[in-house]
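Coordinate inspection notes
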Amino acid sequence: MKDEGREFLWRQLDQLGQMIADGLADESDGKWIRQQYRETAIELGIAKPSDFRKPRKNHSKQINDFMAERVKVVKCRKCGGELVQSRKGSLVADCKSCGARYKLGRRGRK
Ligand SMILES: [Zn+2]
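These numbers were taken from a predicted model, which means no experiment stands behind them.

With respect to the nonpolar core
Counting 8 residues, the largest nonpolar core consists of L13, L16, I20, A25, Y37, A41, A47 and V73. Broken down by secondary-structure element, the contributors of at least two residues to this core are α1 (3-21) and α2 (31-44). In terms of residues, this core owes the most to one element, α1, which gives 3 residues. Judged by nonpolar contacts, the second largest core, of 6 residues, contains F66, M67, L83 and Y102.

Overview of the environment of I33
Mapping I33 onto the fold places it in helix α2. A residue is classified by how many C-beta atoms lie within 10 Å of it, and I33, with 19 of them, is partly exposed. Linking I33 and L13, residues 20 residues apart in sequence, is a C-alpha distance of 10.0 Å. Residues contacting I33, with those up to four places away along its chain left out, are L16, M19, I20, L24 and A25.

Notes on helix α3 (residues 59-73)
For α3, with 15 residues, the first-to-last C-alpha span of 22 Å sits near the 21 Å given by 1.5 Å per residue. Of all the positions in α3, only F66, M67, R70 and V73 are classed as buried. Viewed along the axis of α3, the buried residues span an arc of 120°, placing them on a single side of the element. Exposed residues lying more than 90 degrees from the buried face of α3 are S60 and A68. In this structure, the buried residues of α3 make contact with α1, β1 (83-85) and β2 (92-95).

Rules used throughout
Residues numbered from 1 in each chain as written. Predicted model: local features only at pLDDT ≥ 70, side-chain atom pairs only at ≥ 80, totals over all residues. Core = buried A, V, L, I, M, F, W, Y, C linked by C-beta atoms within 7 Å. Buried ≥ 20, exposed ≤ 12 C-beta atoms within 10 Å, placed from the backbone. Helix = DSSP H or I, 4+ residues; strand = E, 2+ residues; numbered from the N terminus. Contact = placed C-beta atoms within 7 Å. Expected span 1.5 Å × (residues − 1). Arc of directions from axis to C-beta.

Keep in mind these numbers describe shape, not what the thing actually does.
In structure tokens form, the structure reads like this:
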């Protein structure tokens, strides 16, 4: 794949991830967002189809995988620094540079 293609996919992944974080994927007509996110992540090679088929038992593993992907594409909105997951199983990420906190996702659906 060409670099431009990958660049596009990264942008798309970031936008879709933001939509998921905003809760749009939890709307009744928002199912395509997660699906598209998965397909994009798989196409970029940062996730395998099997990553999304795991049983729900180990939820924190899913969160950690999700966060590992998200911090790759999301940067600090204040200083542009890299984000790191604040602790295992958490949906919160801290900026390495300025310490700003970001919630990068939502826990399941209610
Ligand atoms: Zn920052």
